[in-house]
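Descriptive analysis of the structure
The primary structure of each chain is shown beneath.
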Amino acid sequence: MALGKYSRIDNNRRSSSSYCSSVTIVVFVAFCLVGVWMMTSSSVVPGQNDVPAQENKNEVKEQVIDSMASNTLQTDTTESNTRQFEDNPGDLPEDATKGDSSENNNNSAPENQEEKSNEETNQEVQQTQDGKTDGGESKTQNGESEAAGTKSGDGESDSGGQGDSEDNSTEKKTDSDETEKKSDSNESNQESHDEGDKKSVSDNLDENEKKSDAENNETESEENSDKTKDEEKVDGQIQEKVDDTDKRESDNSSDEQKDGGKVSNQSSNEVFPSGAQSDLLNETTTQGGSWLTQAAESKNEKEAQQSSKQQSEYTWKLCNATAGPDFIPCLDNWQAIKSLRSTKHYEHRERRCPEELPTCLVPLPQGYKRSIEWPKSREKIWYYNVPHTKLAQVKGHQNWVKITGEYLTFPGGGTQFKHGALHYIDFINESVPDIAWGKRTRVILDVGCGVASFGGYLFDRDVLAMSFAPKDEHEAQVQFALERGIPAISAVMGTKRLPFPGRVFDIVHCARCRVPWHIEGGKLLLELNRVLRPGGFFVWSATPVYQKLAEDVEIWKAMSELTKAICWELISINKDTLNGVGVAIYRKPTSNDCYEKRQQQDPPICSESDDPNAAWNVPLQACMHKVPTDSLERGSQWPEQWPARSEKTPYWLLNTQTGVYGKPAPEDFTADYGHWKSVVSKSYLNGMGINWSLVRNVMDMRAVYGGFAAALRDLNVWVMNVISVDSPDTLPIIYERGLFGIYHDWCESFSTYPRTYDLLHADHLFSKIKKRCSISAVMAEADRILRPEGKLIVRDNVEIITELEKMARSMQWEVRMTYSKDKEGLLCVQKTTWRPKEVETLTYAIA
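Just so you know, these numbers come straight off a predicted model, no measurement behind them.

1. As for the overall build of the protein
Counting secondary structure elements, the protein contains 33 helices and 19 strands. Taken over 847 residues, the protein has a buried fraction of 57%. Here the analysis covers contacts within the protein between residues at least 6 apart in sequence; of these, 73% occur between residues at least 24 apart. Accessible surface for the protein amounts to roughly 34,900 Å². Of this, 48% is attributable to carbon and sulfur atoms.

Right under this line is the structure:
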């Protein structure tokens, strides 16, 4: 075996010498001498295998790794040597092939620093001998290749680990292929007096061999004096290696762990940091760099697992509640309603939300169809979409609603305008021309709206009506309104303020609404005073205005005293002969003069600390707020006429104020409007594949300045602008520009019936509420209020978009469009009629 191996080494030398045609004659002679020595030394090896050979075997492992490292770093210049090495591993003993490159590298690591100077000398000598500058050879000659071998890890070598010439690199490769060669070459080196022999042996042998070779043959080199000088340097390194072999072997495992088995040619710097290299291993830098702390990793993993669990567990269930397909969680909380001590102030009609927003999906009514398009929907809707007949039975004779085959029809009137709402609307304007529908008057509040025919026909006059009524015995009146395509919410004048800011409505209207305005200090009428703009009108067409029944006369007297006490001026009281109803129109003052002249301060003026804009769950008080007198204070001036007011920056937005997006408030407002005009015109109207003729009821779930709604101004749509209670209060700006909206907490259910919106728009809403409540619950709420075939457009960060897309797919929604750029994303999905089979019973919603 030994003879065959060494003969192979001899052949390798011949092949390597063939590549060095440019090498000097002296080098060729050296090669021949080396070959002769190898042939003669082969017979000696078999009888010399003892303990030193075992040590040499371990050192050969180092040399194997050395050659591997230098080869990786110099693959371009030593491809032939690489190919030779690739053929050799099969001849290595088993323990040599098992040796880890990291182990050998760790052994050589302490030497690398001392061998750097030798490396340069060896490199120069090699250039002289071979006519080549093999960086990999010079590095491996000095032991740095051992460290580099770990980094390369590909088992290839370009040069000998300790020699200078290409012969040495070739010999080292063959040595690394054959472990037994360690002991053999050891003895042969002791017998050989040829310097060429000595050099090849010193390169191919283990460090022990090289040590003895260098000592015995140090003065015998005549052909390659440079080699001898270089070798002397190498010998010193080898001596150090031999002395530290055992120690290095014992330290291999610990060094290996430190280095992770991967050390480059700069491993001396990595193992023993110095200079700039040490900064790379700085602990503080590491913590803030690519590697997180264990605490951070664990925290992130927990959050990721929770998020992944949520994403993988989107198993939706069907809500089982007494209200069935008409379930409104915050208004159908029977558990809370049953615990009320009193209901005389309509407490049972107010919002009483469950502790958590439900994640179940509301069922569809049997026979549900896609809603009829506007404006046809104003006259008729599908019966099975809102299959309630009580209101038709009770109010049919008053032209509220009638059943006509498979439709519910709305003759266009109501209790107060049996012969048509438009006539009634024109009659009001004729009574007080200053009302100027659609110009001076743009946004109104319709109290006790019924089926909202008044608001439905005001669209013909460019007026927006925020209609509201309680979910009471007048079954589904607000639901009828929304199905018709008319703005409405479920609300009641009870114990809390309405969810609107102060001084925003141009007109407040009440047509035969059964609200006791005059009781308890007039706190209900004072709530209307809070939301009514100074100079705005209160239009009251109720029976006390024109009927002479005892109860009506008493109410009229009480109302007259109350309106005088709060300084409302009775502008007009007329009777509409066609409809047989009377209308009283009051005007709110534009100054505080009347308040100050009152003999009795009753109702009292609210304290300075009472904010008229505070409206979320704030109890009603029987006091009134002063009228703003500062010319730059909101409410001191009437807004621009419509439609100019939709684009004009409100006069009370000052440059000293910082807007939502960080710019001065006027610039912020203008930039927001420009942004949404561009988005709507370039993307939403043409690029989203949305048929806007099928869109009527729209909600902007996070409206900010109302720019999105303003950009849709010319379409036959209305937009409910929602301002989250934890967001900057920009809702007054929205009203100032002739739009409307509402305060809301998206961790709760919205005060509307299921299936009431055609399109929901959420701009960076989900990412902002994620820390406060479950996104899946908000998504379930979006499913509740969105009509089948309705669209949800979400603009948010990519993570939120990805999560919502998975959620939408789990709900069997159709993903119409996804887009992302610079970590921002856009998602457009369409709700389907799919409903889950499994049922979840909501105990609090069971009557």
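There's plenty left to go through after this.
2. Section: the sheet that holds strand S4 (residues 407-409)
Strand order in the open sheet made by the three strands is S2-S4-S3, with antiparallel pairing throughout. Edge strands, defined here as strands with exactly one partner in the open sheet, are strand S2 (380-382) and strand S3 (402-404). The sheet shows a mean angle of 35 degrees between the axes of neighbouring strands, direction not considered. Strand direction decides the pairing type here: S2 and S4, joined by three bridges, are antiparallel. Bridge pairing in S4 links Lys380 to Thr409.

3. Some points on the state of the cysteines
Scanning all chains against the criterion turns up six disulfides. Here Cys606 connects covalently by a disulfide to Cys623, the sulfurs 2.0 Å from one another. Here the S-S torsion is close to 95 degrees, and the disulfide linking Cys606 with Cys623 is therefore right-handed. Residue Cys606 is found in the loop between helix H27 (593-597) and helix H28 (665-684), and its partner Cys623 is found in the loop between H27 and H28; the two are separated by 17 residues along the sequence. Comparing Cys606 with Cys623, the two get one shared label, buried. Disulfide connectivity for the protein, with bonded cysteines indexed by sequence position, reads 1-4, 2-3, 5-6, 7-8, 9-10, 11-12.

4. Here's the deal with the packing of aromatic side chains
Inspection of the entire model under this criterion finds 21 aromatic pairs. Centroid distance Tyr314 to Trp316: 6.3 Å. Interplanar angle 15 degrees. Geometry classified as stacked. Considered together, Tyr314 and Trp316 belong to a single accessibility category, that of buried residues. Relative to Tyr384, the ring of Tyr383 lies with its centre 5.2 Å away and its plane at 70 degrees, an arrangement referred to as edge-to-face.

5. A few points about the pairing of strand S13 (residues 718-724)
Side-chain positions along a regular strand alternate between the two faces of the sheet. By the criterion of burial, S13 is predominantly enclosed, with seven of the seven residues buried. Here S13 shows no split at all, with Trp718, Met720, Val722 and Ser724 on one side and Val719, Asn721 and Ile723 on the other all buried. The pairing of strand S12 (residues 697-700) with S13 spans four bridges and is parallel. The residue of S13 that forms the bridge with Met699 is Met720. You can see the chain leave S13, run along helix H30 (residues 731-736) and come back into strand S14 (residues 741-744), and the turn it takes is right-handed.

6. As for the sheet that holds S13
Here we have seven strands laid out as an open sheet, ordered S14-S13-S12-S15-S16-S18-S17, and mixed in their pairing. The open sheet has two edge strands, S14 and strand S17 (814-821), and neither has a second partner. For this sheet the average axis-to-axis angle between neighbouring strands, irrespective of direction, equals 15 degrees. Alignment of S12 against strand S15 (residues 757-763), held across three bridges, turns out to be parallel. Looking across to S15, one finds that Met699 is bridged to Leu760. Of the strands in this sheet, S15, strand S16 (786-797) and strand S18 (824-830) touch H28, which is tilted by about 125 degrees from S16.

7. With respect to the pairing of strand S11 (residues 581-587)
A large share of S11 lies buried, amounting to six of its seven residues. Pairing of strand S9 (residues 532-541) with S11, which is carried by four bridges, proceeds in the antiparallel orientation. Its bridge partner being in S11, Trp540 is matched across the sheet by Ala584. Sheet analysis places strand S10 (residues 569-576) next to S11, joined by seven bridges and oriented antiparallel. Looking at S11, one finds that Asn574 is bridged to Val583. Taking the residues between adjacent antiparallel strands as the criterion, S10 and S11 are bridged by four residues, where Gly580 takes a positive phi near 70 degrees.

8. Points about the environment of Phe669
For Phe669, the position within the fold is in helix H28. Once you skip the residues sitting within four places of it in the chain, Phe669 turns out to touch Ser646, Glu647, Lys648, Thr649, Pro650, Leu653, Tyr705, Ile733 and Arg737.

9. Thoughts on the pattern of salt bridges
Tallied over the full model, the rule gives 26 salt bridges. Salt-bridge contacts for Glu379 lead to Arg378; the nearest nitrogen and oxygen are separated by 3.6 Å. On the basis of relative accessibility, which here comes to 32%, the residue Glu379 falls in the partly exposed class. With a shortest N-O distance of 3.0 Å, Asp726 and Arg772 are connected by a salt bridge. Residue Asp726 is found in the loop between S13 and H30, and its partner Arg772 is found in the loop between helix H31 (766-769) and helix H32 (775-785); the two are separated by 46 residues along the sequence. By relative accessible area, which is 42% here, Asp726 ends up partly exposed.

10. Points about the side chain of Arg787
The residue Arg787 is located in strand S16 in this model. Overall, Arg787 belongs to the buried group, its relative accessible area being 4%. Among the polar contacts listed, one links the side chain of Arg787 to the backbone oxygen of Glu483, at a separation of 3.5 Å.

11. Let's talk about the nonpolar core
Core analysis: the biggest nonpolar cluster contains 144 residues, and Leu445, Trp517 and Phe538 have the highest contact counts within it. Per element, the largest residue contribution to this core is seven residues, and it comes from H32. With residues near it in sequence (within four places) discarded, Trp517 still touches Val447, Met493, Cys510, Gly522, Leu524, Leu525, Leu528, Phe538, Trp540, Met559 and Leu562. Membership of the second largest hydrophobic core comes to 11 residues, among which are Tyr383, Val386, Leu408 and Ala476.

12. Digging into H28
For H28, built from 20 residues, the straight-helix expectation of 28 Å at 1.5 Å per residue is met to within 8% by its first-to-last C-alpha distance of 26 Å. Listing the buried residues of H28 in full gives Ala665, Pro666, Asp668, Phe669, Asp672, Tyr673, Trp676, Val679, Val680, Ser683 and Tyr684. Next to the buried residues of H28 lie helix H29 (707-711), H30, S15, S16 and S18.

13. Considerations on the confidence of the model for the protein
In this model, the protein carries an average pLDDT of 75, and 62% of its residues clear a pLDDT of 70 or more. Here residues 41-289 is modelled with pLDDT under 50, and outside its nearest four sequence neighbours on either side it reaches 521 contacts, counting other chains as well.

Definitions and cut-offs
- All residue numbers refer to position in the chain's written sequence, counted from 1.
- For a predicted model such as this one, the threshold for reporting local features is a pLDDT of at least 70, and the threshold for listing and counting side-chain atom pairs is 80 or more; totals across whole chains, interfaces and linings nevertheless cover every residue.
- To obtain the side-chain values, all non-hydrogen atoms of the structure were used and water was disregarded.
- In this text, helices come from DSSP runs of H or I with a minimum length of four residues, and strands from runs of E with a minimum of two, each type numbered from the N-terminal end.
- Working definition: with a 1.4 Å probe on protein chains only, accessible area under 20% of the residue-type maximum means buried, over 50% means exposed, and in between means partly exposed.
- Here a residue-residue contact requires only that any non-hydrogen atoms of the pair lie within 4.5 Å.
- For the accessible areas, the method is Shrake-Rupley and the probe is 1.4 Å, while residue cover comes only from the protein chains on display.
- A pair of strands is considered paired only if DSSP assigns at least 2 bridges between the two.
- Note on method: axes are straight lines fitted to C-alpha atoms, helices fitted across the in-contact stretch only, with angles between N-to-C directions ranging 0 to 180 degrees.
- Any cysteine sulfur atom paired with another within 2.5 Å is treated as part of a disulfide.
- The rule is short: rings of Phe, Tyr and Trp, with Trp giving its six-membered ring, pair when the centres are within 6.5 Å, and they are stacked under 30 degrees, edge-to-face over 60, tilted in between.
- Handedness rule for crossovers: strands pointing away from the viewer, path from the first strand over the helix to the second running clockwise, crossover right-handed.
- Within this document, salt bridges are pairs made up of a side-chain nitrogen of Lys or Arg and a carboxyl oxygen of Asp or Glu, the two lying within 4 Å of each other.
- Under the rule applied, a polar contact is a pair of N or O atoms within 3.5 Å (in protein, one hydrogen donor and one hydrogen acceptor; residues adjacent in sequence only if both atoms are side-chain atoms).
- For this analysis, a nonpolar core means a set of buried residues of the types Ala, Val, Leu, Ile, Met, Phe, Trp, Tyr and Cys, connected via side-chain atoms within 4.5 Å.
- Here the expected span of a helix is defined as 1.5 Å times the quantity of residues minus one.
- For every residue, the predictor states its confidence as a pLDDT score lying anywhere from 0 to 100.

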